[in-house]
Amino acid sequence: MSWSPQRPILFYLPFLFRPHSGYGWATECFREALGDPELVTDASALWWVDADVWCIRGMTDEQAFDRPPFYAPREHYALATVRGAVIHHTTWEFETLPAPIIGKLPRADHLVVPSRFLARVYRDLPVSVIPLPIKPFRYHLRVNRTLRIGGLIHPSRRRNLAGWRALREALPRQFRLVLLIAPELKAHHDLLSQVEAIADEILCELSDHDLEEFYQSLDWFVSLSVGEGYGLPPREALKTGTPVIVPRHTGFADMEGLPGIVWAPTQKRPGISHGCWHGFVDEPDPKAVAEIICKTPPPAVPE
């Protein structure tokens, strides 16, 4: 089944993104591009509907598909009855190759993904690559160094947190770690205490204006992720004129050739097991990243 301009479009979004989330912004941009279609939040509205249905989801691990707000069984059944096309927009943001996830995806007549990496992952399905839009942050011309190193911490990224601890140990104390945490991390007191032990500043739930100022205040924005479907924060940092240090893998590889990027050296490490073996991942080397920060002047990022 392919989508048709003659059929109406329903936008299925059973959960709301956080205010000021870059993915919330991307969702609104998709809705506008599709002509502001009707928004559906309850799967019961999809039964036998004569429309093309766009489903907005982030891919996590296969366990997430067995519980809300991801694809619950009632959604599988409802999507199977849609008379038009079922199109899934997915990003996949976690630390392991989503091999078992593919089999758990509900009916999918077409996939829309933000990177060539994900297009290769889902090569057995009809797929289109549409990069995520970047918020219209203002460009800031850098003049002096600030010695502020920024990054993002999410409670799902425990491996990343270990990398940040190693980076803090390797960096001289004159460099300040400024970490933006996801709101969900506040509920994980053990993780929050670890962040508090290494961060000079902790930020959370920033407005667009404050997020822009956060990026602009940094010498470098750093990602120690071992897997990204796209990698939105480093692209937002580049938009403001701040250079980034990221590993050259998964969705980050699509950034090849952009000015302002320094590639973080990586090491092969075992992937995360969720019921099957996921192979190896390329884990950024925090000590090598610290050496880059100490010895490499932040490159200019053109407007």
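Look up: the structure comes first, before these words.
In short, a report on the structure. (Residues numbered from 1 in each chain as written. Predicted model: local features only at pLDDT ≥ 70, side-chain atom pairs only at ≥ 80, totals over all residues. Heavy atoms only, no water.)

### Describing the overall build of the protein
Reasoning step 1: In terms of helices and strands, the protein carries 9 helices and 14 strands.
Reasoning step 2: Taking all 303 residues of the protein together, 52% fall into the buried category.
Reasoning step 3: Pairs at least 24 residues apart make up 67% of the contacts formed inside the protein by residues separated by at least 6 positions.
Reasoning step 4: Carbon and sulfur atoms provide 56% of the accessible area of the protein, an area that totals close to 13800 Å². (Helix = DSSP H or I, 4+ residues; strand = E, 2+ residues; numbered from the N terminus. Buried < 20%, exposed > 50% of the residue type's maximum accessible area, 1.4 Å probe, protein only. Contact = heavy atoms within 4.5 Å. Areas by Shrake-Rupley, 256 points an atom, 1.4 Å probe, with all protein chains shown as cover.)

### Some words on the pairing of strand S11 (residues 244–247)
A regular strand places its side chains on the two faces of the sheet in alternate fashion.
Reasoning step 1: Judged by which residues are buried, S11 turns out to be covered on both faces: Val244 and Val246 on one side and Ile245 and Pro247 on the other are all buried.
Reasoning step 2: Crossover strand S10 (residues 220–222) to S11 through helix H8 (residues 232–239) is right-handed.
Reasoning step 3: With 4 bridges joining them, S11 and strand S12 (residues 261–264) adopt parallel strand pairing. Residue pairing across strands places Ile245 opposite Val262, the latter belonging to S12. (Right-handed = clockwise from strand over helix to strand, strands pointing away. Pairing = 2+ DSSP bridges.)

### Regarding the nonpolar core
Reasoning step 1: Grouped together as the largest cluster of nonpolar side chains are 26 residues, with contacts concentrated most on Trp164, Val222, Ile245 and Ile293.
Reasoning step 2: Elements represented by at least two residues in this core include exactly strand S7 (148–153), helix H5 (158–170), strand S8 (176–181), helix H6 (189–198), S10, S12 and helix H9 (286–295).
Reasoning step 3: Setting aside chain neighbours within four positions, we find Ile245 in contact with Trp220, Phe221, Val222, Ser223, Val262, Ala264, Val289, Ile292 and Ile293.
Reasoning step 4: Within the second largest apolar cluster, 18 residues are counted, among which are Leu206, Tyr215, Phe252 and Trp263. (Core = buried A, V, L, I, M, F, W, Y, C linked by side-chain atoms within 4.5 Å.)

### Re the environment of Val53
Reasoning step 1: Following the sequence through the fold, Val53 ends up in strand S3 (residues 52–57).
Reasoning step 2: Overall, Val53 belongs to the buried group, its relative accessible area being 0%.
Reasoning step 3: Sequence separation between Val53 and Arg7 is 46 residues; the distance between their C-alpha atoms is 10.0 Å.
Reasoning step 4: Discounting chain neighbours no more than four positions away, the residues touching Val53 are Leu10, Tyr12, Leu46, Leu79, Val82, Ala85, Val86 and Ile87.

### Considering the side chain of Gln216
Reasoning step 1: Inspection of the secondary structure assignment puts Gln216 in helix H7 (residues 208–216).
Reasoning step 2: Since its relative accessible area comes to 15%, Gln216 is described here as buried.

### Looking at the layout of surface pockets
Reasoning step 1: Volume-wise, the second largest pocket comes out at about 190 Å³.
Reasoning step 2: As for the second largest pocket, its lining consists of Ile134, Tyr230, Arg235, Leu238, Lys239, Leu258, Pro259, Val301 and Pro302.
Reasoning step 3: Among the residues forming the lining of the second largest pocket, the class breakdown is 7 nonpolar, no polar and 2 charged. (1 Å grid on protein atoms, 1.4 Å probe; cavity = no way out; pocket = protein on both sides within 12 Å on 5 of 7 lines; lining within 4 Å. Points joined across faces, edges and corners; volume = space filled by probe spheres on them. Nonpolar A, V, L, I, M, F, W, Y, C, P; charged D, E, K, R; others polar.)

### Let's talk about the sheet that holds S8
Reasoning step 1: With parallel pairing, the 6 strands of this open sheet are ordered in space as S9-S8-S7-S10-S11-S12. Of all strands in the sheet, those bounded by a partner on one side alone are strand S9 (201–204) and S12. Across the sheet, the mean angle from the axis of one strand to that of its neighbour is 25°, orientation sign disregarded.
Reasoning step 2: One ladder, built from 4 bridges, connects S8 with S9; its direction is parallel. Residue Leu179 lies in a different strand from S9, and its bridge partner there is Ile202.
Reasoning step 3: Its contacts with the sheet place H6 against S7, S8 and S9, and it is angled at close to 155° to S8. (Axes fitted to C-alpha atoms, helices over the stretch in contact; angles between N-to-C directions.)

Purely geometric numbers; function is a separate question.
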